[in-house]
Amino acid sequence: MLFFKQVLEEKFKDQPFLSFYDKECHICTATMNVVARMAQSQGTRGEILALLDIDPADFEALEAGDHCRPFQVARLLTHFGMDASQVTAHCSRYSKEINPGAPDKACDRN
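Since we're looking at a predicted model, the values are computed, not measured.

Help me out: how do you make sense of the overall build of the protein chain in this one?
Scanning the protein chain from terminus to terminus reveals eight helices and zero strands. What you see in the protein chain, going N to C, is helices and strands ordered as α-α-α-α-α-α-α-α. The 110 residues of the protein chain split such that 29% are buried. Sequence-distant contacts, at least 24 apart, represent 52% of the contacts inside the protein chain between residues at least 6 apart.

Would you mind going over the side chain of Arg 45 with me for this structure?
By the element assignment, Arg 45 lies in helix H4 (residues 45-51). Here Glu 63 takes part through its side chain, which lies 2.9 Å from a polar atom of the side chain of Arg 45. Sequence-distant contacts of Arg 45, that is, excluding residues within four places in its chain, are made with Met 38, Phe 59, Glu 60 and Glu 63.

What should I look at first to understand the nonpolar core in this one?
Grouped burial of nonpolar side chains is what soluble globular proteins tend to show. Within the largest apolar cluster, 20 residues are counted, with the highest numbers of intra-cluster contacts made by Val 34, Met 38, Phe 59, Val 73, Leu 76, Leu 77 and Val 87. In this view, Val 87 contacts Ala 30, Pro 70, Val 73, Ala 74, Leu 77 and Tyr 94; residues no more than four positions away in its chain are not counted.

It is not clear to me how helix H5 (residues 56-63) should be interpreted in this structure. Could you clarify?
Residues spaced three or four apart along an α-helix face the same direction, because each turn holds 3.6 residues. You can read the cap of H5 off the contacts: a side-chain oxygen lies 2.7 Å from the backbone nitrogen of Ala 57, and it is on Asp 55. At the C-terminal side of H5, Gly 65 shows a positive phi close to 75 degrees.

Any chance you could explain helix H6 (residues 70-79) here in plain terms?
Of the positions making up H6, those classed as buried are Pro 70, Gln 72, Val 73, Ala 74, Leu 76 and Leu 77. Looking at the buried side of H6, the elements it contacts are helix H3 (29-40), H4, H5, helix H7 (85-90) and helix H8 (92-98). Just beyond H6, the residue with positive phi is Gly 81, at close to 75 degrees.

Any chance you could explain the side chain of Gln 72 here in plain terms?
Among the secondary structure elements, Gln 72 is positioned in helix H6. Look at Gln 72 and you get buried, because its relative accessible area is 8%. The residues touching Gln 72, leaving out its near neighbours within four places in the chain, are Ile 54 and Asp 58.

I'm lost on the packing of H3 against H5 in this one. Help?
When two helices pack together, their arrangement is captured by the angle between the axes and the distance separating the axes. As a packed pair, H3 and H5 sit with axes 10 Å apart at the nearest point and diverge in direction by 120 degrees. Considering the angle they form, H3 stands oblique to H5. In the crossing of H3 with H5, the sense of the turn from one axis to the other is left-handed. Every residue of H5 that contacts H3 at Thr 31, Val 35 and Met 38 is listed here: Phe 59, Leu 62 and Glu 63.

Any chance you could explain the pattern of salt bridges here in plain terms?
Pairing is possible between side chains of opposite charge, provided their charged atoms come close. Under the defined criterion, the tally for this structure stands at two salt bridges. Salt-bridge contacts for Arg 45 lead to Glu 63; the nearest nitrogen and oxygen are separated by 2.9 Å. With Arg 45 in helix H4 and Glu 63 in helix H5, this pair connects stretches of sequence that are 18 residues apart. Judged by relative accessible area, Arg 45 falls into the buried class, the value being 15%. Among the residues examined, Glu 63 registers a relative accessible area of 35% and is labelled partly exposed. Measuring nitrogen to oxygen at the nearest pair gives 3.4 Å for the salt bridge that ties Arg 69 to Asp 58.

About the criteria used
- Residues numbered from 1 in each chain as written.
- Predicted model: local features only at pLDDT ≥ 70, side-chain atom pairs only at ≥ 80, totals over all residues.
- Heavy atoms only, no water.
- Helix = DSSP H or I, 4+ residues; strand = E, 2+ residues; numbered from the N terminus.
- Buried < 20%, exposed > 50% of the residue type's maximum accessible area, 1.4 Å probe, protein only.
- Contact = heavy atoms within 4.5 Å.
- Polar contact = N/O pair within 3.5 Å; in protein donor to acceptor, adjacent residues only side chain to side chain.
- Core = buried A, V, L, I, M, F, W, Y, C linked by side-chain atoms within 4.5 Å.
- Axes fitted to C-alpha atoms, helices over the stretch in contact; angles between N-to-C directions.
- Parallel < 35°, antiparallel > 145°, perpendicular 65-115°, else oblique.
- Left-handed = near helix turned anticlockwise from the far one by under 90°.
- Salt bridge = Lys/Arg side-chain N within 4 Å of Asp/Glu carboxyl O.

Limitation: the analysis is restricted to geometry and does not speak to function.
Listed below in structure tokens is the structure:
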């Protein structure tokens, strides 16, 4: 039986897997931090999402790790006064979301 760390180490040696992983990343530290911050704001969650024009279903998908809309993550980070540069400067999905014609690049892992 392999443990997760062993599987991860083996997979990250496989270049085709690594390329796929980079394109499909969903959860980064910035995303986890903003989801945790929203959890502290349960009473005003709906108000925050409405203020930022974020569909609650989109946030629920983010929270569950099913789908990330980096532009929304950056808006949430900015709303909470958190550093959004990890998303705005390093996330290839953010670049593609704001400029669909942009070339693909690997996202930075943290």
